[in-house]
Amino acid sequence: MRAAQAPLLTVEHLSMRFGGLLAIDDLSFSAARGEITAIIGPNGAGKTTVFNCITGFYKPSGGRLLLNLSDATPAADQIDRLTTSGARTAAIPGGELFLLERMPDYEIAARAKVARTFQNIRLFAGMTVLENLIVAQHNRLMAASGWTVLGLLGAPQYREAEASALEKAKYWLDKVGLIERADDPAGDLPYGAQRRLEIARAMCTEPTLLCLDEPAAGLNPRESHDLKRFLKSLQVEHATSLLLIEHDMSVVMEISDHIVVLEYGQKISDGPPDHVRNDPKVIAAYLGVEDEEVEEAEAEITQ
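Residues numbered from 1 in each chain as written. Predicted model: local features only at pLDDT ≥ 70, side-chain atom pairs only at ≥ 80, totals over all residues. Heavy atoms only, no water.

A few words now on the packing of aromatic side chains. Evaluated as defined, the whole model comprises 3 aromatic pairs. The interplanar angle of 75° and the centroid separation of 5.3 Å between the aromatic rings of phenylalanine 18 and tyrosine 58 together place this pair among those described as edge-to-face. In this pair, phenylalanine 18 sits in strand 1 (residues 9-18) while tyrosine 58 sits in the loop between helix 1 (47-54) and strand 4 (62-69), placing the two residues 40 residues apart along the sequence. Phenylalanine 18 sits in the partly exposed class, given a relative accessible area of 35%. Ring centres of phenylalanine 57 and phenylalanine 118 lie 5.6 Å apart, and the angle between their planes is 85°; this geometry places the pair in the edge-to-face category. Linking phenylalanine 57 in the loop between helix 1 and strand 4 with phenylalanine 118 in the loop between strand 7 (114-116) and helix 4 (129-135), this pair joins segments that are 61 residues apart in sequence. Classification of phenylalanine 57 by relative accessible area gives partly exposed; the value is 40%. A cation sits over an aromatic face here: arginine 122 above phenylalanine 118, 3.9 Å from the ring centre. (Phe/Tyr/Trp six-rings, centres within 6.5 Å; stacked < 30°, edge-to-face > 60°. Helix = DSSP H or I, 4+ residues; strand = E, 2+ residues; numbered from the N terminus. Buried < 20%, exposed > 50% of the residue type's maximum accessible area, 1.4 Å probe, protein only. Lys NZ or Arg CZ within 6 Å of the ring centre and 35° of its normal.)

A separate point is the sheet that holds strand 3 (residues 36-40). Reading across from one edge, 7-8-9-3-10-11 is the order of the 6 strands in this open sheet, with mixed pairing throughout. Every other strand in the sheet has two partners, leaving strand 7 and strand 11 (266-271) as the edge strands with one partner each. Mean inter-strand twist for the sheet, computed between neighbouring axes without regard to direction, equals 15°. Bridge count for strand 3 against strand 10 (residues 258-263) is 4 bridges, and the pairing is parallel. (Pairing = 2+ DSSP bridges. Axes fitted to C-alpha atoms, helices over the stretch in contact; angles between N-to-C directions.)

Remember, this is a structural readout, not a statement about activity or role.
Next up, the structure:
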């Protein structure tokens, strides 16, 4: 699939400095449209920093983050013109190109259609479960109101948008098994249900790229199994492209099409699960063996 069409996301020579600390060092990889791409690595490898750069929470120190919302492969000169123009976006046949490193986080979410969840759940705990999904559609509702008081006045276009938002919220509540708790405060849900609700809220924005930061963290084995099925359904039934950070290797290896492995901010492996699983550098990163042992293992593989 990846060879058949242009990548959805292309990360080129990404770097991120915090003072004298180089958190991300010359990172390049791509995420294909319609696939699940996982970013893994030991604690402190820089995974969340990559997410924060992609979603606009950090402005990268260097590099390019190209999001292609077109089925067409952009020509090199189109990308060059966008890069040298100082613009954030460019129209191409079939869609748009976005340079995410030039965009604030709210534009990345609203225009580039990149949604994310966080390591620490960030629901509106005092709102109901249903309200959390309605508020995710705030921009669409405000646009239907003309960014004025038309909603309060009951304008027909706003009523239609409101009904559509309610139906979409109910659909996703049903998908994550929370329709019966629609009127409960989100903060009253068990931990695993809050995780599912956070993903459902992100899906209400109709993302082109859904970034999930450790969605299986804190889940028991049954909840982790259900999560794997749900994430695969997003890919298969909704053609959602997923970018995933995860420490649970059972989740990563079972559902990912493509895995990028980081260590100390650098990429040490990049490929399908079978390749990454057997890469001596990846094994060394997780087991903490010496460099000499990695070289010995690589030599044995090549013999």
